[in-house]
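Each chain, letter by letter, is given below.
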Amino acid sequence: MKKLLLILAAGFLLGGPLGCTKANLPSAPNTSLAVAPGTQVERASFVSQWSSGSSPAGVGVDANNNIYVVDVDGNQVLKFDSNGNAVTAWGSMGTGAGQFKHPFGLAVSADGLLYVADSGNRRVEEMDAAGNFVKQFDSASLGGDSFSYPVGVALYPNGGLLVSDISNVVWQLGSSTAVPWGKNGNLDGQFNYPIGMAADSDGNVYVADYQGNNITKFNVQTRTTTSWGQVGTGNGSFANPTDVKLDNSGHVFVVDAGNDRIQEFDTNGKYLTQWGQTGTAFQQLNHPIAMALDGNGNVYVTDNGNSRVVKYHLQ
């Protein structure tokens, strides 16, 4: 069974391992490469990779190109520079401010604030770039409702927070509002385990529907909804997609976790290209979960089955 299924089930079935108050940082990037940096991998060229906790999931990049990675089993957030050198880490198992219980998704704002889906504690924690707790979003933020198990977080370009929940709802959180949309099902606008998300400045939200095997596109102004994808291994098909991200050119990148690849589409769902190979060797993937893009054309993918981050450069 894929490792991700065990991670997602952990919040319901397991107490989880204890985190460390002072985290043990992963080792520096492996410099003894079997494949030279720059080797062409279809759409993207392999740059480097580095170990990143036992179960890396959510990943984000700040304006200084620091990389933040959620380690689910370690109940912590790891911080690296853009070359994979460990900077710091924080977090431990618990329910207090700055602690986690099976965290999963992560997003970084333009001003360097981090939003972590603290799944087992049914909340989203806001932190600064050094790991200091700022505030949290929980039942009080939702007008008395509560998250069932929040797994994905994303930010609107003009402000506002998106949170995906396994109750098959995506929450739009504003400064004083909390609006849910979606419900269980396989039709447009319905979800079957939404996880990763992305939003553009036109009010479009893209959601990776894990068990629905599609990408749902929802416009918050017009309330129109479309989706694309189906289960399979062919171009444009998915096997449990876990994340979706946008670049500045309007291209949509999808982490096709079960097929160990990244697929690229236009904003209407037209398939463009892909990259990724199944395996454990350099540049290969073993059940990737999340991805982040920086402003220099680099892509960072959490390669969960291989417990590492893989860095590519878009051609």
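Structure first, text after, so check above.
Residues numbered from 1 in each chain as written. Predicted model: local features only at pLDDT ≥ 70, side-chain atom pairs only at ≥ 80, totals over all residues. Heavy atoms only, no water.

## Overview of the overall build of the protein chain
The line we're drawing: In this description a helix means any DSSP run of H or I spanning at least four residues, a strand means any run of E spanning at least two, and both kinds are numbered starting from the N terminus. Exposure classes here rest on a 1.4 Å probe applied to the protein chains alone. A residue is buried below 20% of its type maximum, exposed above 50%, and partly exposed in between. Residues count as neighbours in contact if any of their non-hydrogen atoms are within 4.5 Å of one another. Areas reported here follow the Shrake-Rupley algorithm with a probe of radius 1.4 Å; residue values treat only the protein chains shown as occluding.
Looking only at helices and strands, one finds one helix and 27 strands in the protein chain. When each of the 315 residues of the protein chain is scored for burial, the buried share is 56%. Taking contacts inside the protein chain between residues at least 6 apart in sequence as the whole, the part at least 24 apart equals 48%. When the accessible surface of the protein chain is split by element, carbon and sulfur atoms take 47% of a total near 12200 Å².

## Some thoughts on the pairing of strand E17 (residues 194–199)
Let me state the cut-off plainly: Strands pair, by our definition, only if DSSP identifies at least two bridges between them.
For E17, the buried fraction is high: six of the six residues fall into the buried class. Where E17 meets strand E18 (residues 204–209), four bridges bridge the pair, whose relative direction is antiparallel. Within the sheet, the bridge partner assigned to Ala199 lies in E18 and is Val205. In textbook terms, the turn of a hairpin is the stretch between consecutive antiparallel strands, and for E17 and E18 this stretch comprises four residues, one of which, Gly203, has a positive phi near 85°.

## Notes on the environment of Lys183
By secondary structure assignment, the location of Lys183 is in strand E15 (residues 183–184). For the pair formed by Lys183 and Asn168, sequence separation is 15 residues and the distance between their alpha carbons is 5.3 Å.

## Structural notes on the sheet that holds strand E9 (residues 123–127)
The criterion, for reference: Axes here mean lines fitted to C-alpha atoms, for a helix over just the part in contact, with angles spanning 0 to 180 degrees between N-to-C directions.
Spatially, E7-E8-E9-E10 is the arrangement adopted by the four strands of the open sheet, whose pairing is antiparallel. Among the strands making up the open sheet, the edge pair consists of strand E7 (106–108) and strand E10 (133–137). Sheet twist, expressed as the mean angle between neighbouring strand axes with direction ignored, is 20°. Note: E7 against strand E8 (residues 114–118), three bridges, orientation antiparallel. Directly across from Leu106, in E8, lies its bridge partner Val116.

## Focus on the side chain of Ser119
To be explicit about the condition: We call two N or O atoms a polar contact when they sit within 3.5 Å, provided that within protein one can donate a hydrogen and the other can accept it, with sequence-adjacent residues counted only if both atoms are side-chain atoms.
By the secondary structure assignment, Ser119 is in the loop between E8 and E9. The class for Ser119 is buried, based on a relative accessible area of 0%. A polar side-chain atom of Ser119 sits 2.6 Å from the main-chain carbonyl oxygen of Pro150. Once residues within four sequence positions are removed from consideration, Ser119 is found in contact with Lys101, His102, Pro103, Phe104, Tyr149, Pro150 and Val151.

## Quick word on the pairing of strand E26 (residues 298–303)
Counting buried positions over the six residues of E26 gives six, a clear majority of the element. Of the strand pairs in this sheet, strand E25 (residues 288–293) and E26 are connected by four bridges, and their pairing is antiparallel. By the bridge assignment, Leu293 is partnered in E26 with Val299. The hairpin formed by E25 and E26 contains four residues between the paired strands, and Gly297 there has a positive phi angle of roughly 85°. Of the pairings in the sheet, the one linking E26 to strand E27 (residues 308–314) comprises six bridges and is antiparallel in character. Bridging from a neighbouring strand, Val299 pairs with Tyr312 of E27. Hairpin connection from E26 to E27: four residues lie between these consecutive antiparallel strands, with Ser307 at a positive phi of about 50°.

These figures come from the coordinates and say nothing about function on their own.
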